[in-house]
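Residues per chain, in single letters:
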Amino acid sequence: ANSGQNPLAVDSRATNTSSITSSLSTAPTNPSSNRHQGGCPKGSTNEKKRLGIGNYNTCLKAICDNYAYKIFAMRSQNRPVYNKFLDNLIENKNTEFIIETEISKQTVRNQVLQKKS
């Protein structure tokens, strides 16, 4: 197969391979590592969840305290709490504390009943 060629002769293409391999080694192995990765920074979603849970608990406590006070005030006058008071209170506190999850009326009532006993 190598008839007429010197087996020790250096091919001119072989000398250029070192420059090719050195340029390949400097290139990134993963081309997607150079571009900006989308999404949130690492750990930020956990921080957001922690903050959201804290806001939720603070909002729920504020709603329960206001609702319990209103019930006490109205019962001392022998009058019921007016309709939609709890709905309006929940809506106002959700916007005040920037809560994404909905707080149900039943949750508030259960919390107020637990505080009573």
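That block above? That's the structure.
Residues numbered from 1 in each chain as written. Predicted model: local features only at pLDDT ≥ 70, side-chain atom pairs only at ≥ 80, totals over all residues. Heavy atoms only, no water.

## As for the nonpolar core
Argument step 1. If you look at the biggest cluster of nonpolar residues, it comprises 16 residues, and the most contacted ones within it are Ile 63, Tyr 67, Leu 86, Ile 103 and Val 108.
Argument step 2. For this core, the secondary structure elements donating two or more residues are helix H2 (44-76), helix H3 (85-97) and helix H4 (105-116).
Argument step 3. No other element matches the seven residues that H2 contributes to this core.
Argument step 4. Those residues within four positions of Tyr 67 in sequence are excluded, and the remaining contacts are Val 81, Phe 85, Leu 86, Leu 89, Val 108, Arg 109 and Val 112. (Core = buried A, V, L, I, M, F, W, Y, C linked by side-chain atoms within 4.5 Å. Buried < 20%, exposed > 50% of the residue type's maximum accessible area, 1.4 Å probe, protein only. Helix = DSSP H or I, 4+ residues; strand = E, 2+ residues; numbered from the N terminus. Contact = heavy atoms within 4.5 Å.)

## A word on H2
Argument step 1. A rise of 1.5 Å per residue sets the reference length of H2, with its 33 residues, at 48 Å; its end C-alpha atoms lie 48 Å apart and thus fit the reference within 8%.
Argument step 2. All of the buried residues in H2 are Cys 59, Leu 60, Ala 62, Ile 63, Cys 64, Tyr 67, Ile 71 and Met 74. (Expected span 1.5 Å × (residues − 1).)

## A closer look at the pattern of salt bridges
Pairs can form between side chains of opposite charge once their charged atoms are near each other.
Argument step 1. Under the counting rule described, the total for this entry stands at five salt bridges.
Argument step 2. Of the charged contacts in the structure, one is a salt bridge between Asp 65 and Lys 115, with a shortest N-O distance of 2.8 Å. Residue Asp 65 is found in helix H2, and its partner Lys 115 is found in helix H4; the two are separated by 50 residues along the sequence.
Argument step 3. Close ionic contact of Glu 96 with Lys 93 constitutes a salt bridge, the shortest N to O distance being 3.3 Å. Taken together, the positions of Glu 96 and Lys 93, both in helix H3 and three residues apart, correspond to about one turn of that helix.
Argument step 4. The exposure class of Glu 96 is exposed, given its relative accessible area of 51%. (Salt bridge = Lys/Arg side-chain N within 4 Å of Asp/Glu carboxyl O.)

## Digging into the layout of surface pockets
Argument step 1. Of the pockets and cavities examined, the largest pocket occupies roughly 300 Å³.
Argument step 2. Lys 48, Leu 51, Gly 52, Ile 53 and Glu 100 are, among the 14 residues lining the largest pocket, the residues nearest its centre. (1 Å grid on protein atoms, 1.4 Å probe; cavity = no way out; pocket = protein on both sides within 12 Å on 5 of 7 lines; lining within 4 Å. Points joined across faces, edges and corners; volume = space filled by probe spheres on them.)

## Observations concerning the side chain of Asn 94
Argument step 1. When you line up the elements, Asn 94 lands in helix H3.
Argument step 2. On the basis of relative accessible area, Asn 94 is assigned to the buried category, the value being 9%.
Argument step 3. Contacts of Asn 94, omitting those with residues within four sequence positions, involve Cys 59, Ile 99, Thr 101, Glu 102 and Ile 103.

## Quick word on the packing of aromatic side chains
Argument step 1. What the rule picks out here adds up to two aromatic pairs.
Argument step 2. Ring centres 5.4 Å apart and planes at 75° place the aromatic pair Tyr 82 and Phe 85 in the edge-to-face group.
Argument step 3. Three or more aromatic residues joined by ring pairs form one cluster here, namely Tyr 67, Tyr 82 and Phe 85.
Argument step 4. For Lys 70, the ring lying beneath its charged end belongs to Phe 85, and the centroid distance is 5.4 Å. (Phe/Tyr/Trp six-rings, centres within 6.5 Å; stacked < 30°, edge-to-face > 60°. Lys NZ or Arg CZ within 6 Å of the ring centre and 35° of its normal.)

## Looking at unusual backbone geometry
Argument step 1. One non-glycine residue, Asn 78, lies in positive phi territory at about 55°.
Argument step 2. Turning to its location among the elements, Asn 78 is positioned in the loop between H2 and H3.
Argument step 3. Owing to a relative accessible area of 73%, Asn 78 belongs among the exposed residues under this scheme.
Argument step 4. Look at Ile 98: it is not a glycine, yet its phi comes out positive at around 55°.

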